[in-house]
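# Notes for the structure review
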Amino acid sequence: MRLASWNWGGRDYVGTISPDGREATPLGVRDGSRGVLPLIQALAQGTPLPQPSGTRLPVEVVTLRSPLPRPLRSLFCVGRNYRAHAAELAGTVFRQAMPESDPWPIVFGKLGECVIGPHDAVRLPSPAVSVQIDYESELAVVIGRGGRDLPA
C-alpha cells in the first residue's frame, strides 16, 4: 500500500497511489494538512482505511507533498548502515570518521521542521554556517502489529 499526501486545486489531500505509481486516489480524511499521520494512527489501532472520496487523478497533475509534513517529534536516522553506503562515504568528508575495521553506523537526528516534499526546493545554509552539506534520501517503512523478529 502506498500512502501519499498531495495538493491539487489549492487543497491538501491524503490517499493512496496506485501500484504502478500513476494515479492518486483521495481518501475521506477531514484534514489533509497533517499528511498520512491520521491514517497511520488509525491503521495502528485496527481501523480500516477510509473509503475513496473524490476524483482519481493522474500523479503528474498533483503536487506531491511530504507524507508526514509535520512529524510529531524529531526523526531518528541511521546512515552508513550497509556496506555499499560505507564504501561511498569513505571518499567524502566523512573519511576521517571511518574506522580502520568494523565500520559502525552513523546515528543522527533531524528536526521535524526540516521535512520537505519530493519536489520542494532544498534551502542550504550560507557557507558561514556549514560547507559540509551531504544529500540524503529517506525511506520510511511502518510495520503494524506483529513487527517483532521479522525474517530478513
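So, here is what we can say about the structure in this document. Since the structure is predicted, the reported quantities are computational estimates derived from the model, not experimental observations. (Residues numbered from 1 in each chain as written. Predicted model: local features only at pLDDT ≥ 70, side-chain atom pairs only at ≥ 80, totals over all residues. Heavy atoms only, no water.)

### Some remarks on the overall build of the chain
- Per the secondary structure count, the chain includes two helices and seven strands.
- Starting at the N terminus and ending at the C terminus, the chain contains elements arranged as β-β-β-α-β-β-β-α-β.
- Counting all 152 residues of the chain, 22% fall into the buried class.
- In the chain, the share of contacts with a sequence separation of at least 24, taken over all contacts with a separation of at least 6, comes to 63%. (Helix = DSSP H or I, 4+ residues; strand = E, 2+ residues; numbered from the N terminus. Buried < 20%, exposed > 50% of the residue type's maximum accessible area, 1.4 Å probe, protein only. Contact = heavy atoms within 4.5 Å.)

### Concerning the nonpolar core
- Ranked by size, the top nonpolar core spans eight residues in total: Ala4, Trp6, Tyr13, Ile17, Ala24, Leu57, Val59 and Val62.
- Taken together, the elements giving at least two residues each to this core come down to β1 (2-8) and β2 (11-17).
- Residues within four places of isoleucine 17 in sequence aside, it is in contact with Arg2, Ala4, Glu23, Ala24 and Val59. (Core = buried A, V, L, I, M, F, W, Y, C linked by side-chain atoms within 4.5 Å.)

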